[in-house]
Amino acid sequence: MRIVIADDAVLLREGLVRLLTESGHEVVAAVGDGDALVEAVVRHQPDVSIVDVRMPPSHTDEGLRAAVEARRLVPRSPILVLSQYVEVSYADDLLATGGAGGGIGYLLKDRVAAIDEFLDALRRVAAGGTVLDPEVVGQLFARRRRDDPLRELTPREREVLALMAEGRSNTAIARALVVSDGAVEKHVRNIFTKLTLPPDTEQHRRVLAVLTYLRN
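Residues numbered from 1 in each chain as written. Predicted model: local features only at pLDDT ≥ 70, side-chain atom pairs only at ≥ 80, totals over all residues. Heavy atoms only, no water.

A.B. asks: Mind showing me how you'd approach the pattern of salt bridges here?
C.D. replies: Opposite charge on two side chains allows them to pair when their charged atoms are near. Applying the stated criterion to the full structure yields 11 salt bridges. Measuring nitrogen to oxygen at the nearest pair gives 3.0 Å for the salt bridge that ties R65 to D61. Ionic pairing is found between R72 and E69, a salt bridge with its closest N-O pair at 2.8 Å. With a gap of three residues between them, R72 and E69 both fall in helix α3 (residues 62–73), about one helical turn apart. The class for R72 is exposed, based on a relative accessible area of 55%. Through salt bridges with shared partners, one network takes in D7, D52 and K109. (Salt bridge = Lys/Arg side-chain N within 4 Å of Asp/Glu carboxyl O. Helix = DSSP H or I, 4+ residues; strand = E, 2+ residues; numbered from the N terminus. Buried < 20%, exposed > 50% of the residue type's maximum accessible area, 1.4 Å probe, protein only.)

Structure, rendered in structure tokens:
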């Protein structure tokens, strides 16, 4: 894959460059601020970009805002955001760009240490999937409002939707729940129906279902 990295922490940035290069990928740009990220995405149109949420000058949400701008200029450009902490509002802002398609992901930086899992997450985002750190999912779930549009879902359907929010495929969900692929497919169809998601491509409806889950 052709990858852009944006992180102002030089050690982490160079560590990612080395890890990805040794794994057979090409890092086409490694930058340290949001403006440079947007420029790199527009110029190189990479297969995926890895972006730190907090970058200069204020070290608040520059990275996230740059990622959203990059996706505006290069629609469907896959973005995997890394954060030191769970930033619920930032995760929600990023997920709001998912309706147009294209891979999006939000992981805690600690996950990079689990190299195989990190590389797998990167591949899934590059392929157009949605990957969310389990801790992010948990905290977003805690914000659920009383007017819960998910109230019609059964406990099992909620479990399936939670695993969908982590970016898992139907096969991976079946493995996690120890059920058949067919059972998961039935649960997914029920979820789409109960959330009144209109017929569309499977991936688009999965993104909309996950957004509904995370916002409530």
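After presenting the structure, the write-up continues.
A.B. asks: Explain the environment of P56 to me, please; I cannot follow it from the model alone.
C.D. replies: Among the secondary structure elements, P56 is positioned in the loop between β3 (48–52) and α3. Put simply, P56 and D8 are 48 residues apart on the chain and 7.3 Å apart in space, counted from C-alpha to C-alpha. Other than its neighbours up to four places away in sequence, P56 contacts D8, G32 and E62. (Contact = heavy atoms within 4.5 Å.)

A.B. asks: I'm lost on the packing of helix α7 (residues 155–165) against helix α9 (residues 181–194) in this one. Help?
C.D. replies: Pairs of packed helices are described in terms of their axes, by the angle between the two and the distance that separates them. α9 packs onto α7 with a crossing angle of 95° between their chain directions and a minimal axis gap of 10 Å. Compared by their axis directions, α7 and α9 come out roughly perpendicular. Between α7, through R156, E157, V160, L161 and M164, and α9, the contact on the second element is made entirely by H187, V188, N190, I191, F192 and K194. Residue composition of the contact of α7 with α9, grouped by class: six nonpolar, two polar and three charged. (Axes fitted to C-alpha atoms, helices over the stretch in contact; angles between N-to-C directions. Parallel < 35°, antiparallel > 145°, perpendicular 65-115°, else oblique. Nonpolar A, V, L, I, M, F, W, Y, C, P; charged D, E, K, R; others polar.)

A.B. asks: Would you mind showing me how to read unusual backbone geometry here?
C.D. replies: One can expect most non-glycine residues to show negative phi and most peptide bonds to be in trans. Following P56, the chain continues to P57 via a peptide bond in cis, the omega torsion being 5°. Note that P57 resides in the loop between β3 and α3. Although it is not a glycine, Q45 sits at a positive phi angle of roughly 45°. Within the secondary structure, Q45 is located in the loop between α2 (34–44) and β3. One non-glycine residue, V178, adopts positive backbone phi at about 55°. For V178, the location among the structural elements is in the loop between α8 (170–177) and α9.

A.B. asks: Help me understand the pairing of β3, please; the structure alone is not making it clear to me.
C.D. replies: Burial runs high along β3: five of the five residues are buried. Burial along β3 is two-sided: the face carrying V48, I50 and D52 and the face carrying S49 and V51 are both buried. The pairing of β3 with strand β4 (residues 79–83) spans four bridges and is parallel. When the sheet's bridge partners are listed, D52 is paired in β4 with L82. The parallel pair β3 and β4, bridged by α3, forms a crossover whose chirality is right-handed. (Pairing = 2+ DSSP bridges. Right-handed = clockwise from strand over helix to strand, strands pointing away.)

This is a description of form; function is not addressed.
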